[in-house]
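Chain by chain, the residues:
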Amino acid sequence: MNGKAIIKFLVVVAVIIGTFAYFIQPLAGSLKQGLDLQGGTHIVLEAEDSATGKADNDAVERAKQILERRINEMGLSEPLVQREGARRIIIELPGVKDPDEAIKRIGKTAVLEFKNDQGQTVMTGDDLKDAKEELGQNKQPLVAIELSDEGAKKFADLTSKNIGRRIAITLDGQELTNPVVQQAITGGRATISGSQSLEEAKDLAILLRSGALPVKINVLEVRTVGPSLGQDSKDKSIVAFSAGIAMIMIFLVILYRLSGIVANIALLVYVMLLLLVLGKGFSATMTLPGIAGIILSMGVAVDANILIFERFKEEVFSGKSMRVSMEAGFSRALATITDANVSVIITAGILTVLGSGPVKGFAISLGVGVVVSMFTAIIVSRFLLRMLIECNFTNHPFWFGANISPSTSADAFAPKVLKGGKRK
């Protein structure tokens, strides 16, 4: 045995296990929870014909996209926005417990109008390019607007013709501000006052950025999903995740012995990296389909280790040393692992692009999990297995997963040298 190598290996293993024990709870807590885990609001909207537009397929689809933009800009975690039938739109907002506030934020038609002192509409929100909330000189909440090139010309013309008069800016017929024009405003920039708080200014800016809804939207149903459903689903998910991890680890140890222990340690690294990437990198929201994607990707991670270990055994049986067999096993398994994982990644990418809500959550978790599993299988497992072989605990392939007698050494498979230097 190599004493220094053993100490180094045990220190690395202890660091990984200690890091996992210390960080797993914060990393798991960094994931936001979806509607099925933490509760929230379920809203059913229906478009209807009005004087402003007909609720045809194109108008309803544009309304859905605008609603989705509004919700995404509010920072709500993994909302679900999808159509149901010809005119209905289903919205699910995880974590939102006040349905009235949610409807107030997303359900406004948001028709912005600039009117002269005669009450005539000179400009609309179609001339708007961008809108952002900010604090004025006296800490007054404002919405800074940027107009398009055409809008800037209209606004310059409007203000130059109305110096000393009032121009009103209204949203859905309600007056936001009605200032007296002091001078012509060029450059395509202006501010809208009247907001009571910065949060209100932010909501207004979001409405203006997303644009006006092309049709009138009515609220048909509002349902609050209680936390009891979320807690029940969460508890079952934790049990499923824990059981899956435990069964995989037991399987690896039984089938591959010391190699299985290495794979289990790499699996701990995999879980930490996956939670780090999803929680900190993607700010992902965890739902039941997302958890299913993680559990499935764990199976993919184990599959890569199994391919490597099986190749490793084949190389040992061909008469190569343990270290050479390990290197050859990783090299020969790499192409197969890459092909299999790239196929899964492509599938996950298609589901992410074409899917919505739970399907997209499942696909993202699966895709990220597969990428992370490739790293842990090819880099972490290889690093740990090199250290394990360097320890020289044993030279018996049985302890690395070979189905032979525990007393059989790897030297038994080495080619025998005959007279004349030939190998048998």
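Further up the page is the structure itself.
First things first, this report covers the structure right here in the doc. (Residues numbered from 1 in each chain as written. Predicted model: local features only at pLDDT ≥ 70, side-chain atom pairs only at ≥ 80, totals over all residues. Heavy atoms only, no water.)

**A short note on the overall build of the protein**
Keep this limit in mind: Runs of E in the DSSP output that reach at least two residues are strands. Runs of H or I that reach at least four are helices, and both are numbered from the N terminus. Every radius of gyration here is taken over C-alpha atoms, with the globule rule written as 2.2 Å times N^0.38, N being the number of residues. Three exposure classes are used, based on accessible area relative to the maximum for each residue type with a 1.4 Å probe and protein chains only: buried under 20%, partly exposed in between, and exposed over 50%.
On a plain count of helices and strands, the protein comes out with 11 helices and 13 strands. Scaling as 2.2 N^0.38, a compact globule of 424 residues should have a C-alpha radius of gyration of about 22 Å, whereas the protein reaches 31 Å, well beyond that. Structurally, the protein occupies a C-alpha span of about 110 × 45 × 35 Å along its principal axes. Counting across all 424 residues of the protein, residues that qualify as buried make up 42%.

**Some remarks on the sheet that holds strand 11 (residues 189–192)**
Where we set the bar: At least two bridges found by DSSP between two strands are what make those strands a pair. Between N-to-C directions, angles cover 0 to 180 degrees, with each direction set by a line fitted to C-alpha atoms, over the stretch in contact for helices. Contact definition: two residues touch when any of their heavy atoms are within 4.5 Å.
Taking strand neighbours across the sheet as the criterion, the 3 strands line up as 7-8-11 in an open arrangement whose pairing is antiparallel. Of all the strands in the sheet, the pair left with one neighbour each is strand 7 (128–135) and strand 11. In this sheet, adjacent strand axes meet at a mean angle of 25 degrees when their direction is disregarded. In this sheet, strand 11 lies alongside strand 8 (residues 141–147) in antiparallel orientation, the contact comprising 4 bridges. Among the inter-strand pairings, V143 is bridged to a residue of strand 11, identified as I192. Packing against the sheet, helix 6 (residues 198–210) makes contact with strand 7, strand 8 and strand 11, and its axis sits at approximately 175 degrees to strand 7.

**Thoughts on the pairing of strand 8**
Burial runs high along strand 8: 6 of the 7 residues are buried. Hairpin connection, strand 7 to strand 8: the antiparallel pair is bridged by 5 residues, and K139 has positive phi, about 60 degrees.

**A closer look at the nonpolar core**
To be explicit about the condition: Here, the term nonpolar core denotes a set of buried Ala, Val, Leu, Ile, Met, Phe, Trp, Tyr and Cys residues that are joined through side-chain atoms within 4.5 Å.
The biggest cluster of nonpolar side chains holds 54 residues, and the ones touching the most others in it are Y270, L278 and L385. Of all the elements in the fold, those that place two or more residues in this core are helix 1 (3–29), helix 7 (227–256), helix 8 (258–281), helix 9 (288–317), helix 10 (322–354) and helix 11 (358–391). In terms of residue count, the dominant contributor to this core is helix 8 (13 residues). Setting aside chain neighbours within four positions, we find L278 in contact with L31, S283, A284, M286, I294, I364, S365 and V368.

**So, helix 5 (residues 149–161)**
Filter applied, for reference: A helix's residues, less one, multiplied by 1.5 Å, set its expected span. Directions are taken from the helix axis to each C-beta atom, and the arc is the one they span.
The first and last C-alpha atoms of helix 5 sit 19 Å apart over 13 residues, in line with the 18 Å expected at 1.5 Å per residue. Within the span of helix 5, buried status applies to G151, A152, F155, A156, L158 and T159. Seen from one end, helix 5 has its buried residues packed into an arc of 165 degrees, which puts them on one side. Opposite the buried face of helix 5, by more than 90 degrees, sit the exposed residues D149, K153 and K161. Looking at the packing, one finds that the buried side of helix 5 touches strand 5 (112–115), strand 6 (121–124), strand 8 and strand 11.

**Let's talk about the sheet that holds strand 6**
Taken together, the 4 strands give an open sheet; going across it, the order is 6-5-9-10, and neighbouring strands pair in antiparallel fashion. In this open sheet, the two strands that pair with only one neighbour each are strand 6 and strand 10 (174–177). On average, each strand axis in the sheet is tilted by 35 degrees relative to the strand beside it, whichever way the strands run. Here strand 5 pairs with strand 9 (residues 168–171) via 4 bridges, running antiparallel. Bridge pairing in strand 9 links F114 to I169. Strand contacts of helix 5: strand 5 and strand 6, with the helix running at about 150 degrees to strand 6, the strand carrying the most contacts.

**Digging into helix 1**
Let me state the cut-off plainly: Given a residue, its bend is the angle between the two axes fitted to the seven residues that end at it and to the seven that start from it.
For helix 1, with 27 residues, the first-to-last C-alpha span of 40 Å sits near the 39 Å given by 1.5 Å per residue. Along helix 1, the sharpest change in direction is near 45 degrees and occurs at F23; proline P26 comes one to four residues later. Within the span of helix 1, buried status applies to A5, I6, F9, V13, I16 and L27. On its buried face, helix 1 sits against helix 8 and helix 11.

**Remarks on the packing of aromatic side chains**
Defined as follows: Any pair of Phe, Tyr and Trp rings, taking the six-membered ring for Trp, is counted once the centres come within 6.5 Å. Such a pair is stacked with planes under 30 degrees apart, edge-to-face with planes over 60 apart, and tilted for the rest. We call a charge positioned above a ring when the Lys NZ or Arg CZ atom is no farther than 6 Å from the ring centre and deviates by at most 35 degrees from the ring normal.
Under the counting rule described, the total for this entry stands at 4 aromatic pairs. Ring centres 5.3 Å apart and planes at 50 degrees place the aromatic pair Y256 and F309 in the tilted group. With Y256 in helix 7 and F309 in helix 9, this residue pair connects regions lying 53 residues apart in the sequence. Taking NZ or CZ as reference, R257 lies 4.0 Å from the ring centre of F398, over its face.

**Overview of the side chain of E315**
Mapping E315 onto the fold places it in helix 9. Under the relative-accessibility criterion, E315 is labelled buried at 3%. Beyond its immediate sequence surroundings of up to four residues, E315 is in contact with K320, S325, A328, G329 and R332.

**Some remarks on unusual backbone geometry**
With a phi angle near 60 degrees, K139 is a residue other than glycine that sits in the positive phi range. At R257, a residue that is not glycine, the phi angle is positive and equals roughly 50 degrees. Within the fold, R257 resides in the loop between helix 7 and helix 8.

**Let's talk about the pattern of salt bridges**
This is how it is decided: Salt bridge criterion: a side-chain nitrogen from Lys or Arg within 4 Å of a carboxyl oxygen from Asp or Glu.
Under the criterion given, the structure shown has 20 salt bridges. Between K161 and D157 there is a salt bridge whose closest N-O contact spans 3.3 Å. Of this pair, K161 and D157 both sit in helix 5, 4 residues apart, which is roughly one turn of the helix. Classification of D157 by relative accessible area gives partly exposed; the value is 37%.

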